[in-house]
Amino acid sequence: MSALAAELMMKEVELRPDLLFCAASGGSPTGLYQHMVDRYKESPQVIEEMRVIKLDEWVGLPEGSRFTSEYDIQQKLLKPIQHRPDRYISFDELTLAPKDECDRIQDELEKSGPIDVCILGIGVNGHLALNEPGEFLQTYCHVAELTESTLSHGMIQEVGIPLSHGMTLGMGNIFESKKIILLITGKGKKEIVEKFLTQQVTNTLPASLLWLHPNAEVILDNEVLGEL
Ligand SMILES: O=C1O[C@H](COP(=O)(O)O)[C@@H](O)[C@H](O)[C@H]1O
């Protein structure tokens, strides 16, 4: 899964070295980022012009926390490729004004976007980024009230302080991406993947909207495939 995603990604970056790459945190893209780091080590010039935007972030974690999306993406991708901060758009994980921060990222994206390649994982409840299932989906960057399922994500299980909200790109921001790569891996996703594969589009399964996107690739890993 990760090797195939890396191949698709590297093809895009070779065509457009300064492309805007949207990076998800969590377990699903870990292997992809490792492949990108390996490619960087072989030939740094291939991805050094790439611009990056962070997909989402938890609200309320303290300074220095190892549980932020920021920490995750920095460790797995940005630090190893010595990515330049002036080429990075990122929700401030320490903000005390999450709504203003979302408005700021929305403005930045309007200036620098659209996203060229958007990497996504799927939540066990079918969310994309922190766009949770519900009556409505939101178009732009927004503060999301998180469901119990999302709050039990492995990344923040040992946080020790109660979290309730996150900042996220909206479904419209994601949908404007020229290319989307959804990586499906991880435990506990059998049920949601089966629903996703029915191709029925519903806001109670935000990832299902990807069936409407003209250039979305969905890659399942062998473990998930074996469960189906
Ligand atoms: O809550 C989240 O979950 C999804 C999937 O996470 P994973 O660890 O199973 O890959 C992630 O893509 C999203 O960015 C995150 O906020």
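Cut-offs used in this document
Residues numbered from 1 in each chain as written. Predicted model: local features only at pLDDT ≥ 70, side-chain atom pairs only at ≥ 80, totals over all residues. Heavy atoms only, no water. Helix = DSSP H or I, 4+ residues; strand = E, 2+ residues; numbered from the N terminus. Rg over C-alpha atoms; globule rule 2.2 N^0.38 Å. Buried < 20%, exposed > 50% of the residue type's maximum accessible area, 1.4 Å probe, protein only. Areas by Shrake-Rupley, 256 points an atom, 1.4 Å probe, with all protein chains shown as cover. Lys, Arg positive; Asp, Glu negative; His and termini not counted. Charge placed at Lys NZ, Arg CZ, Asp CG, Glu CD. Near = heavy atom within 4 Å. Polar contact = N/O pair within 3.5 Å; in protein donor to acceptor, adjacent residues only side chain to side chain. Nonpolar A, V, L, I, M, F, W, Y, C, P; charged D, E, K, R; others polar. UniProt positions renumbered as here; feature names shortened; annotations may be inferred. Contact = heavy atoms within 4.5 Å.

### Some points on the overall build of the protein chain
Looking only at helices and strands, one finds 8 helices and 9 strands in the protein chain. Since a compact globule built from 228 residues should have a radius of gyration of about 17 Å, the 16 Å found for the protein chain is in line with a globular shape. C-alpha extents for the protein chain along the principal axes are approximately 45 × 40 × 30 Å. Buried residues in the protein chain amount to 51% of all 228 residues. In the form shown here, the protein chain has an accessible surface area of approximately 10,800 Å², with 50% of it arising from carbon and sulfur atoms. A gap of 4 Å separates the mean positions of the 20 positive and 35 negative side-chain charges of the protein chain.

### Overview of the site of the ligand
Taken together, 14 residues lie around the ligand, and Gly27, Ser28, Asp56, His153 and Lys189 are the ones closest in. At 2.4 Å from an oxygen atom of the ligand is found a side-chain nitrogen or oxygen belonging to Ser28. Between Asp56 and the ligand, the recorded distance is 2.8 Å, taken from a side-chain N or O atom to an oxygen atom. Contact with the protein chains removes 94% of the 390 Å² of surface that the ligand exposes when unbound. Residue classes in the shell around the ligand are distributed as 4 nonpolar, 8 polar and 2 charged.

### A few points about the UniProt feature "domain: Glucosamine/galactosamine-6-phosphate isomerase" (unreviewed entry) in the protein chain
Per the UniProt record, "domain: Glucosamine/galactosamine-6-phosphate isomerase" (unreviewed entry) is annotated on residues 23-210. What you have in residues 23-210 is 29% helix and 15% strand, and the ends, taken at the C-alpha atoms, are 17 Å apart.

### Considering helix 3 (residues 69-78)
Burial of helix 3 is extensive: 7 of the 10 residues sit out of reach of the surface. Buried residues of helix 3: Ser69, Glu70, Asp72, Ile73, Gln74, Leu77 and Leu78, and no others. Each element contacted by the buried residues of helix 3 is listed here: strand 1 (20-23), helix 2 (30-42), strand 2 (51-54), strand 3 (56-58) and strand 4 (88-89).

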